[in-house]
Protein chains: 2
Amino acid sequence: MSKIEEKKERLLNVAQSIFSRFGLFKTTIDEIAKAARVGKSSIYYYFKSKEDIFKAVVEKELKTLKEKINQALVNIDNPQEKLKVFILTRMKYLRELANIYNALQNDYLEHYAFVQKLRTDYDNEEIILIKEILQKGIQEERFAIDDVELTSTVILVTLKGVEFEWSTKFNENEIEKNIDKLLDLLFNGILRR
Amino acid sequence: MSKIEEKKERLLNVAQSIFSRFGLFKTTIDEIAKAARVGKSSIYYYFKSKEDIFKAVVEKELKTLKEKINQALVNIDNPQEKLKVFILTRMKYLRELANIYNALQNDYLEHYAFVQKLRTDYDNEEIILIKEILQKGIQEERFAIDDVELTSTVILVTLKGVEFEWSTKFNENEIEKNIDKLLDLLFNGILRR
DNA sequence: TTTCGAACATTTTCGTCTTTCATTCTAATT
DNA sequence: AATTAGAATGAAAGACGAAAATGTTCGAAA
């Protein structure tokens, strides 16, 4: 990594921790500069604006999240298990990555073009990932799915819906139990046979 | 109905149509009074505050919604069919009743105590209704459900999640198709058998 | 090339005044 | 007495300009 990239990285880490605590609006460039022990104008040597820094931080967190999910999934073959691990890993790290979580949830940020783009882009990526898992399951003749598009949308929507409620109400252990039940519902449906 | 209740009703209808167009904040008591051809202080003879009027309007709409749903469900016996009709009816009328829809969705209203109460109360009622349908299905040995509580939560969350997306993207016919698929997913799951 | 102090530009904050609006009062009308 | 509404009240929301804070740029220095 080049010298300049190392410095950018350092500034980004500082910015990340401050943004995590105070959010985009309540942190000033000066704070970041002070914390990083540089003059505030130096920041502009590396980033073109405050929004740009925030964007970089969120993208960094997004990259981390994707890596964590990929790492968790890479040596799992069973598509049922894969879905479960995907959901669990997603929930776990999304909560840790405060800035991306905020960018995805906070209503005050939705007017920023890059946040909107981030949301739809990331939605799409997740849909694609879910679709791939489903397709693999179909290919292996484990799943029988009529409309993969709709099914993955429903899975993602449900995930986003229960995520908030569960992560405030339950501990990690209970969440896993709920996810198991949710997956059981998804796999088997509710009809008696 | 007493004279005073008739007048209240009339004022409420006027208020409903104005609130529907402009929302709680952008409509003034004066507007309602003018539209109803009464002096604005007369309104206070019937309602104790602006919030009180809005509350009454929302409750009126809620009552309408419940009636519509009950009417639609009353002579359906099959629990599968019942779920479908519930979902369709709910979607259809919720969109027509602008004020309750706003009260349930609009972030600016969530600070009002009665809106919060309305939301949680109505959530509970819907959960209860869904549970009842599920219980009936279990009783008739059509459904096999491990955790009825979680299942009904998941159904409601999914409903609320797809509702917005679908109602902007699809027409009534396509929505019905999607709901059919959604129900198929719910009933049969995705596992091949 | 990199840094930073100072200058500049833009936004936010604050105080003041004015206007609007919800609510109350009071007297008139039914 | 029940009902209505004009006028009064007070609190909140806007309009506006000055001052302060903050984001961004520039040019000189390390």
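Keep in mind it's a predicted model, so treat the numbers as computed, not measured.

Reading the values: the criteria
- Residues numbered from 1 in each chain as written.
- Chains lettered and ligands numbered in written order.
- Predicted model: local features only at pLDDT ≥ 70, side-chain atom pairs only at ≥ 80, totals over all residues.
- Heavy atoms only, no water.
- Near = heavy atom within 4 Å.
- Polar contact = N/O pair within 3.5 Å; in protein donor to acceptor, adjacent residues only side chain to side chain.
- Helix = DSSP H or I, 4+ residues; strand = E, 2+ residues; numbered from the N terminus.
- Nonpolar A, V, L, I, M, F, W, Y, C, P; charged D, E, K, R; others polar.
- Least-squares fit on C-alpha atoms with pLDDT ≥ 70 in both.
- Contact = heavy atoms within 4.5 Å.
- Axes fitted to C-alpha atoms, helices over the stretch in contact; angles between N-to-C directions.
- Parallel < 35°, antiparallel > 145°, perpendicular 65-115°, else oblique.
- Buried < 20%, exposed > 50% of the residue type's maximum accessible area, 1.4 Å probe, protein only.
- Domains from an automatic or database assignment.
- Buried area = accessible area lost by both parts, 1.4 Å probe.
- Salt bridge = Lys/Arg side-chain N within 4 Å of Asp/Glu carboxyl O.

**Comments concerning the protein's contact with DNA strand D**
Around DNA strand D, the structure places 15 residues, and the nearest of them are A:Tyr44, B:Gly39, B:Ser41, B:Tyr45 and B:Tyr46. Within 4 Å of the protein, the contacting atoms of DNA strand D are 55% sugar and phosphate, with bases supplying the remainder. For DNA strand D, a phosphate oxygen lies 2.8 Å from a polar atom in the backbone of A:Lys50. One of the backbone N or O atoms of B:Gly39 is found 2.7 Å from a phosphate oxygen in DNA strand D. Looking at the surface near DNA strand D, the elements with two or more residues in it are α3 (40-46) of chain A together with α3 (40-46) of chain B. Here the surface near DNA strand D takes four residues from α3(B), the largest share from any one element. Each residue belonging to the surface near DNA strand D can be placed in one class, and the counts come to five nonpolar, seven polar and three charged.

**Description of the relation of the copies chain A and chain B**
Overlaying chain A on chain B yields an RMSD of 0.1 Å, the required transformation being a rotation through 180 degrees with an accompanying axial translation of 0.0 Å. Here the transformation between the copies is reduced to the relation of a two-fold axis. Relative to the rotation axis, the closest C-alpha in chain A is found at A:Gly189, a distance of 1.9 Å. Of all interface residues in chain A, 100% are interface residues in chain B too; the two copies therefore contact each other through one and the same surface.

**Let's talk about the protein's contact with DNA strand C**
Around DNA strand C, 15 residues are found, and the nearest of them are A:Ser41, A:Tyr45, A:Tyr46, B:Tyr44 and B:Lys50. Among atoms of DNA strand C positioned within 4 Å of the protein, sugar and phosphate together represent 60%. Measuring from a phosphate oxygen of DNA strand C, one finds a side-chain N or O atom of A:Lys7 at 2.8 Å. Contact distances for DNA strand C include 2.7 Å between a phosphate oxygen and a side-chain N or O atom of A:Tyr45. At the level of elements, α3 of chain A together with α3 of chain B are the ones that each hand at least two residues to the surface near DNA strand C. The leading source of residues in the surface near DNA strand C is α3(A), at four residues.

**Focus: the side chain of B:Glu126**
Along the polypeptide, B:Glu126 turns up in helix α7 (residues 113-139). If we skip the residues at most four places from it in the chain, B:Glu126 touches B:Phe86, B:Arg90 and B:Leu156.

**A few points about the packing of helix α5 (residues 79-96) of chain B against helix α6 (residues 98-105) of chain B**
Residue and element names in this part refer to chain B. Two numbers describe how α5 lies on α6: the axes approach to 5 Å, and their chain directions differ by 100 degrees. On the basis of the axis angle, α5 is roughly perpendicular to α6. Contact residues: α5 offers Leu94, Arg95 and Glu96, while α6 offers Ala98, Ile100, Tyr101 and Leu104. In the contact of α5 with α6, the residues fall into five nonpolar, no polar and two charged.

**Examining the side chain of A:Gln16**
All names here are of chain A. Structurally, Gln16 is set in helix α1 (residues 3-26). Under the relative-accessibility criterion, Gln16 is labelled buried at 17%. When residues no more than four places from it in sequence are discounted, the contact partners of Gln16 are Val57, Lys60, Glu61 and Asn99.

**Remarks on the domain arrangement of chain A**
All names here are of chain A. The domains assigned to chain A are domain 1 (1-47) and domain 2 (55-188). Once you take the C-alpha centre of each, domain 1 and domain 2 turn out to be 30 Å apart. Taken residue by residue, the interface counts ten residues in domain 1 and nine residues in domain 2. At the boundary of domain 1 with domain 2, total buried surface from both sides reaches about 790 Å², with 65% on carbon and sulfur atoms. If you sort the residues of domain 1 by the area they bury against domain 2, Leu12, Gln16 and Phe25 come out on top, with a joint share of 55%. Applying the counting criterion to the domain 1 and domain 2 interface returns zero salt bridges. Our enumeration of links across domain 1 and domain 2 arrives at five residue pairs in polar contact (both at pLDDT 80 or more). Tallied by class, residues from the side of domain 1 that touches domain 2 come to six nonpolar, three polar and one charged.

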